Amino acid sequence: MGRVYNFSAGPAVLPEEVLKEAADEMLDYKGTGMSVMEMSHRSKAFDEIIKDAEKDIRELMGIPDNYKVLFLQGGASQQFAAVPMNLMKNKKAAYIITGQWAKKAYQEAQKYGEAVAVASSADKTFSYIPDCSDLDIPEDADYVYICENNTIYGTKYKTLPNTKGKTLVADVSSCFLSEPVDVTKYGVIYGGVQKNIGPAGVVIAIIREDLITDDVLEGTPTMLKWKTQADADSLYNTPPCYGIYICGKVFKWIKKMGGLEAMKAHNEKKAKILYDFLDESKLFKGTVEKKDRSLMNVPFVTGNEELDKKFVAEAKAAGFENLKGHRTVGGMRASIYNAMPIEGVEKLVEFMKKFEAENA
Ligand SMILES: *Cc1c(COP(=O)(O)O)cnc(C)c1O
C-alpha cells in the first residue's frame, strides 16, 4: 500500500519531500558517514543543523532579535509547568479556558500560584472563542495565557485577547507556522512540533529575553528554567537532535513554498473546500461557531453515532486515515495541517458526498 491521506491531529502528516530527503540521508548525512541520529550534538555537522534551523524559523516568523528560540523536550505539556515556574513573580496569572489543553495548563499552574480563569467557553462545549476584548485581568497578574488553536474542538482566536498590558503566553502547538504572526504581540510562543512541524519530541519556545531570568519559583528544576537552555543555545544537555533536524527540513520546505503568507493561502483554500461542503451538506455538520473556525482542525458530525462510526470505517477503507474525533468529543475531525495537500481535502469531500448520497 502507498501513502494514505493522513488526517491525524498529531503526530501528523509531514511533507513527503522532507521524508524522502531524510531517507536519502539516513545512512550517510552529507558525507559524514553516519546518520544524524548517530552523531554528537557537539559535532560540526549538528551545530550547522541547529543553527540553520534557528535561522530559518527566525526568518519565517520574523522573530525579533530580543527573542530567544529554544528547542526543548518534554512536550507542550511540560511547558504547562515551566510557564508558571518561570513567569509567576506575583504568583498570579490569568487563564482563558477554550478547551482541554488550556484547561490542563490552567490546572497545572494552580500548583504554583493563583491561576484565575478570566474567561471560558466550557458552557457550550468549547465550540467558540469568548469575547476577550475587555476581560477582568487582575492588576497583579504576571501573564495572560491562551491556547491559540484548540486542536480538539477546532476553534482559533482570530484576534488576540486584550491583555491590558500583561504578557501574553500562547500555546500554538496546532497552528505553528500555519500563517504569518506578529511575534512582538507575545511574551512567549511555544508549541510541540508534532502537529504541524516535525516528529514528536521537540518543543519550540520563542521567548522575549526580559522574561528569561534567574528569578524563577523556588525549587524549579534546572531543566525547566528557560535560562538554562537559553544560555546554552538549547545545548545544555543532549537535545532531540533528529527531531530538530527534521524541523529544519520542514522550515526549508515552507520557505520554498513561499513562506507563511503562502502557507496561509494554501491552508485557507483547503479549509474553505471542507467548510463550504459542511455548510451545504444535509448530513454532515461542523460543530463550532463559524467565526471561530480553525484552519487546521475541522471537527464534524452526522448527528448519529452509528453513522459516524460507519463513516470513519468506510473512510479508512478508502485511504482516509485518522478521521475519528477526539475520544472526549466523538464524531469526526479532519486535521488539515500545512503538509496536507489540497488534493487530500478535495478527495475527502468527494468521498463525503458519496457517503451522503448512499446514506440519505
Ligand atoms: C497536542 C497538544 C498539546 C500536548 O502536546 P504534548 O507535546 O503531547 O504534551 C498541548 N497543546 C495543544 C494545543 C496541543 O494540540
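Residues numbered from 1 in each chain as written. Predicted model: local features only at pLDDT ≥ 70, side-chain atom pairs only at ≥ 80, totals over all residues. Heavy atoms only, no water.

J.: In this structure, what is going on with the overall build of the protein chain? I would like to understand it.
T.: The helix and strand tally for the protein chain stands at 9 helices and 14 strands. Here the C-alpha radius of gyration of the protein chain, 21 Å, is about what a compact globule of 360 residues would show, namely 21 Å. Across its three principal axes, the protein chain shows a C-alpha extent of roughly 65 × 60 × 30 Å. The proportion of buried residues among the 360 residues of the protein chain is 57%. Element-wise, carbon and sulfur atoms account for 50% of the exposed surface of the protein chain, whose accessible area totals about 15800 Å². (Helix = DSSP H or I, 4+ residues; strand = E, 2+ residues; numbered from the N terminus. Rg over C-alpha atoms; globule rule 2.2 N^0.38 Å. Buried < 20%, exposed > 50% of the residue type's maximum accessible area, 1.4 Å probe, protein only. Areas by Shrake-Rupley, 256 points an atom, 1.4 Å probe, with all protein chains shown as cover.)

J.: Explain the site of the ligand to me, please; I cannot follow it from the model alone.
T.: Lining the immediate surroundings of the ligand are Gly 75, Ala 76, Ser 77, Phe 80, Trp 101, Cys 147, Asn 149, Thr 151, Asp 171, Ser 173, Gln 194 and Lys 195. A distance of 2.6 Å separates a nitrogen atom of the ligand from a polar atom in the side chain of Asp 171. Here an oxygen atom of the ligand and a side-chain polar atom of Lys 195 are 2.5 Å apart. Among the residues forming the shell around the ligand, the class breakdown is 4 nonpolar, 6 polar and 2 charged. (Near = heavy atom within 4 Å. Polar contact = N/O pair within 3.5 Å; in protein donor to acceptor, adjacent residues only side chain to side chain. Nonpolar A, V, L, I, M, F, W, Y, C, P; charged D, E, K, R; others polar.)

J.: Got a minute to help me understand the packing of aromatic side chains in this structure?
T.: The geometry of an aromatic ring pair is captured by two quantities: the separation of the ring centres and the angle between the planes. Applying the stated rule across the entire model yields 16 aromatic pairs. Aromatic side chains Tyr 95 and Tyr 143 sit 5.8 Å apart centroid to centroid with 70° between the ring planes, which places their arrangement in the edge-to-face category. Residue Tyr 95 is found in strand E3 (residues 92-97), and its partner Tyr 143 is found in strand E5 (residues 143-147); the two are separated by 48 residues along the sequence. Neither Tyr 95 nor Tyr 143 differs from the other in exposure class; each is buried. Relative to Phe 351, the ring of Phe 311 lies with its centre 5.7 Å away and its plane at 50°, an arrangement referred to as tilted. Here Phe 351 lies in helix H9 (residues 342-358) and Phe 311 lies in helix H8 (residues 305-317), a separation of 40 residues in the sequence. (Phe/Tyr/Trp six-rings, centres within 6.5 Å; stacked < 30°, edge-to-face > 60°.)

J.: I'm lost on the nonpolar core in this one. Help?
T.: Side chains that are nonpolar tend, in soluble globular proteins, to be buried together. Core analysis: the largest hydrophobic core is formed by 90 residues, its most contacted members being Met 61, Leu 177, Ile 204, Ile 206, Phe 284 and Phe 311. Among the elements that make up this core, the one with the highest residue count is helix H6 (residues 241-257) (9 residues). The two domains that each donate at least three residues to this core are domain 1 (16-256) and domain 2 (258-359). Among all residues touching Phe 284, those that are not within four sequence positions of it are Phe 277, Leu 278, Phe 300, Val 301, Thr 302, Phe 311, Met 332, Met 352, Phe 355 and Glu 356. (Core = buried A, V, L, I, M, F, W, Y, C linked by side-chain atoms within 4.5 Å. Domains from an automatic or database assignment. Contact = heavy atoms within 4.5 Å.)

J.: How should I be thinking about unusual backbone geometry in this particular structure?
T.: For residues that are not glycine, phi is negative in most cases, and the peptide bond is trans in most cases. A cis amide bond links Gly 10 with the next residue in sequence, Pro 11, at an omega value of -15°. Mapped onto the fold, Pro 11 is located in the loop between strand E1 (5-6) and helix H1 (16-24). If you check the backbone angles, Phe 126 has positive phi at about 55° while not being a glycine. Relative to the helices and strands, Phe 126 resides in the loop between strand E4 (114-120) and E5. Unusually for a residue other than glycine, Asn 322 sits at a positive phi of about 65°. Mapped onto the elements, Asn 322 comes out in the loop between strand E13 (320-321) and strand E14 (332-335). Accessibility expressed as a relative area gives 43% for Asn 322, which makes it partly exposed.

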